[in-house]
Structure formats: structure tokens, C-alpha cells
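Tertiary structure, described
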Amino acid sequence: DTEVTQTPKHLVMGMTNKKSLKCEQHMGHRAMYWYKQKAKKPPELMFVYSYEKLSINESVPSRFSPECPNSSLLNLHLHALQPEDSALYLCASSHRDNLRNTGELFFGEGSRLTVL
Amino acid sequence: SQKIEQNSEALNIQEGKTATLTCNYTNYSPAYLQWYRQDPGRGPVFLLLIRENEKEKRKERLKVTFDTTLKQSLFHITASQPADSATYLCALNKGKLIFGQGTTLQVKP
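A short tour of the structure in this document, coming up. Just so it is clear, the structure is predicted and the values come from calculations on it, not from any experiment.

We now examine the state of the cysteines. Summed over the entire model, instances satisfying the criterion amount to two disulfides over all chains. Two residues share a disulfide in this structure: Cys-23 of chain A and Cys-91 of chain A, whose sulfurs sit 1.9 Å from each other. Its S-S torsion of approximately -75° makes the covalent link between Cys-23 of chain A and Cys-91 of chain A left-handed. Separated by 68 residues along the polypeptide, Cys-23 of chain A in strand β3 (residues 18-25) and Cys-91 of chain A in strand β9 (residues 87-94) bring together distant segments of the chain. Taken individually, Cys-23 of chain A and Cys-91 of chain A each receive the classification buried, so the pair is uniform in this respect. Across the disulfide, Cys-23 of chain B is cross-linked to Cys-90 of chain B (sulfur-sulfur distance 2.0 Å). Because the torsion about its S-S bond is 60°, the bridge between Cys-23 of chain B and Cys-90 of chain B counts as right-handed. Placement of Cys-23 of chain B in strand β3 (residues 19-26) and of Cys-90 of chain B in strand β9 (residues 86-93) is noted, with a sequence separation of 67 residues between them. On the basis of relative accessibility, which here comes to 0%, the residue Cys-90 of chain B falls in the buried class.

Here the focus is the interface of chain A and chain B. How big an interface is tends to be reported as the loss of accessible area on association of its parts. Each partner contributes to the interface: chain A provides 22 residues, whereas chain B provides 20 residues. When chain A packs against chain B, the two sides together hide about 1700 Å² of surface, and 48% of this comes from carbon and sulfur. Applying the counting criterion to the chain A and chain B interface returns two salt bridges. Across the salt bridge formed by Glu-58 of chain A and Lys-96 of chain B, the nearest N and O atoms sit 2.7 Å from each other. At the junction of chain A and chain B, the tally comes to six residue pairs in polar contact (both at pLDDT 80 or more). Of all elements in the fold, only β4 (31-37) and β9 of chain A reach the threshold of two or more residues within the side of chain A that touches chain B. Of the residues in the side of chain A that touches chain B, the class split is 10 nonpolar, six polar and six charged.

What follows concerns empty space enclosed by the protein. Residue and element names in this part refer to chain A. Under the defined criterion, the tally for this structure stands at one cavity of 30 Å³ or more. As for the largest cavity, its lining consists of His-29, Arg-30, Ala-31, Met-32, Tyr-49, Tyr-51, Glu-52, Cys-68, Asn-70 and Ser-71. Elements that contribute at least two residues to the lining of the largest cavity include exactly β4 and β7 (64-70). Residue classes in the lining of the largest cavity are distributed as five nonpolar, three polar and two charged.

On to the sheet that holds strand β6 (residues 56-59) of chain B. Residues and elements named next belong to chain B. What the five strands build is an open sheet, ordered β1-β3-β8-β7-β6; its pairing is antiparallel. The open sheet has two edge strands with one neighbour each: β1 (3-6) and β6. Averaged over all adjacent pairs, the angle separating strand axes in this sheet is 15°, with direction ignored. With six bridges joining them, β3 and strand β8 (residues 72-77) adopt antiparallel strand pairing. From the neighbouring strand, Ala-19 faces β8, where its bridge partner is Ile-77.

With that out of the way, let us pick up the environment of Asp-85 of chain A. Residue and element names in this part refer to chain A. Here Asp-85 is to be found in the loop between β8 (73-79) and β9. A residue is classified by how much of its surface remains accessible, and Asp-85, at 2% relative accessible area, is buried. Sequence spacing of Asp-85 and Ser-71 is 14 residues, and the spatial spacing of their C-alpha atoms is 27 Å. Within the structure, Asp-85 has its side chain in polar contact with the backbone nitrogen of Gln-82 (distance 2.8 Å).

Another point: the pattern of salt bridges. What the rule picks out here adds up to 10 salt bridges over all chains. The partner of Glu-109 of chain A in a salt bridge is Arg-42 of chain B, with the nearest N and O atoms 2.5 Å apart. Of this pair, Glu-109 of chain A sits in the loop between β10 (106-107) and β11 (111-115) while Arg-42 of chain B sits in the loop between β4 (32-38) and β5 (45-51), on two different chains. Its relative accessible area of 24% is what places Glu-109 of chain A among the partly exposed residues. For Arg-42 of chain B, a relative accessible area of 42% corresponds to the partly exposed category. Between Glu-5 of chain B and Lys-3 of chain B there is a salt bridge, and its shortest N-O distance comes to 3.0 Å.

Reading guide: rules and limits
- Residues numbered from 1 in each chain as written.
- Chains lettered and ligands numbered in written order.
- Predicted model: local features only at pLDDT ≥ 70, side-chain atom pairs only at ≥ 80, totals over all residues.
- Heavy atoms only, no water.
- Disulfide = S-S within 2.5 Å.
- Helix = DSSP H or I, 4+ residues; strand = E, 2+ residues; numbered from the N terminus.
- Buried < 20%, exposed > 50% of the residue type's maximum accessible area, 1.4 Å probe, protein only.
- Contact = heavy atoms within 4.5 Å.
- Buried area = accessible area lost by both parts, 1.4 Å probe.
- Salt bridge = Lys/Arg side-chain N within 4 Å of Asp/Glu carboxyl O.
- Polar contact = N/O pair within 3.5 Å; in protein donor to acceptor, adjacent residues only side chain to side chain.
- Nonpolar A, V, L, I, M, F, W, Y, C, P; charged D, E, K, R; others polar.
- 1 Å grid on protein atoms, 1.4 Å probe; cavity = no way out; pocket = protein on both sides within 12 Å on 5 of 7 lines; lining within 4 Å.
- Points joined across faces, edges and corners; volume = space filled by probe spheres on them.
- Pairing = 2+ DSSP bridges.
- Axes fitted to C-alpha atoms, helices over the stretch in contact; angles between N-to-C directions.

In C-alpha cells, the structure reads:
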């Protein structure tokens, strides 16, 4: 079983809704990540938090808003999404994040998002 | 531009045989390379990491090689089993972890 917990597992929302995805890890990792994965495609990096500070934003539209309340928690706030944003959203954590050494990532099971 | 390429076609092999998956990259000089397994609808699971100064790494039935001259990594599963059927992703570090598109392996009994 993964040690990264994501909720909810499934989410259906309309284009005018506001919702949030949540991620929690208790491995003492100081780097946390959001990836987006479409069917039959590889995970694509969205955001990286290192020591609770946003260190990488891969030019993600502002309708996705990440938040890292503490070292164990990572949220992704969703607002005014489009149907093409429907995907599997994966949270991951790792021991450290620096320019040379990300280390292995521990992924959650993902949140399957459908935007109607 | 930087590219990571894995076998685009699915790989079908017979149980007991060795599966060999390929990961090629261009315009990268990664410090290390990782391999992950992903089952349908689930998050990727880390398998092996190999550093630029290592030629080969083993873990149980898994073996990874890393040739920085050829810019290629090979991932081998020996004595394959139907339970090994999954998508296998290679990933390179360039300040952040970037994934290849994955190769789907089907092991038939």
C-alpha cells in the first residue's frame, strides 16, 4: 500500500464549481509534487513544493491553485475547470528536491477528475 | 529539444522469458535514471534508480543498465510472470523528474 494518501479517489465537477484535491504523507519527506496524467500518456509535472515553498510551477493555468499548509499536506484547489482538464491527478513526495537529485518519488493512487 | 523515448508498441512475451524494455534520451545529461511500474488507474511505483557512474543495477529479477554514451537504458525482467504485466516508465532527472511515455508489457501464461 502507498504511504501517500490522496482524497477523493473520484471527483466529478461542473465548470463553475470550486473543489479541492488533498494529499497527505507521513514519511517526513520535504518535497511534494502534483502530476497530471491523461489516458495512455506519462505523468506531467505541474507543481513542486520544497520545504513548504513552491519551487516549480510548470506554467500551469491559474484555475489550478496549489497549497502546502505544512510539510505533510498538499492541496490542489480547482476552479472554473474545463472538460479537457479531466485526468488522473497524482500526488507524490520525495526525501529532497534540488537541482541534481530528486530521488525516488512515492506516488499516491491518484484522484480521478471528471469535468462536465 | 529534450526527448525521452520508450518502445511505443506494447511488448508481448511468454511467461518465463526475459522482457527487455528500452529507454532512449536525447539532449539530456541526467545525473540518474529511474524506472517505475504503473498498473491501470493507479499511481506509479518506484522500482530502480541507476546513477550516471553506474553501468548496471539489480534487484531480484530486475536489472537495469545505463549507457551514457549511447544515451540509453535497458530494463530487464527475467523469468517473467503474468503478474509483471503493467506499464513501465523510465524517468530522467533534469532538475525535475520527467517521464517517458511508457511501455506496456503483457506476459502471457
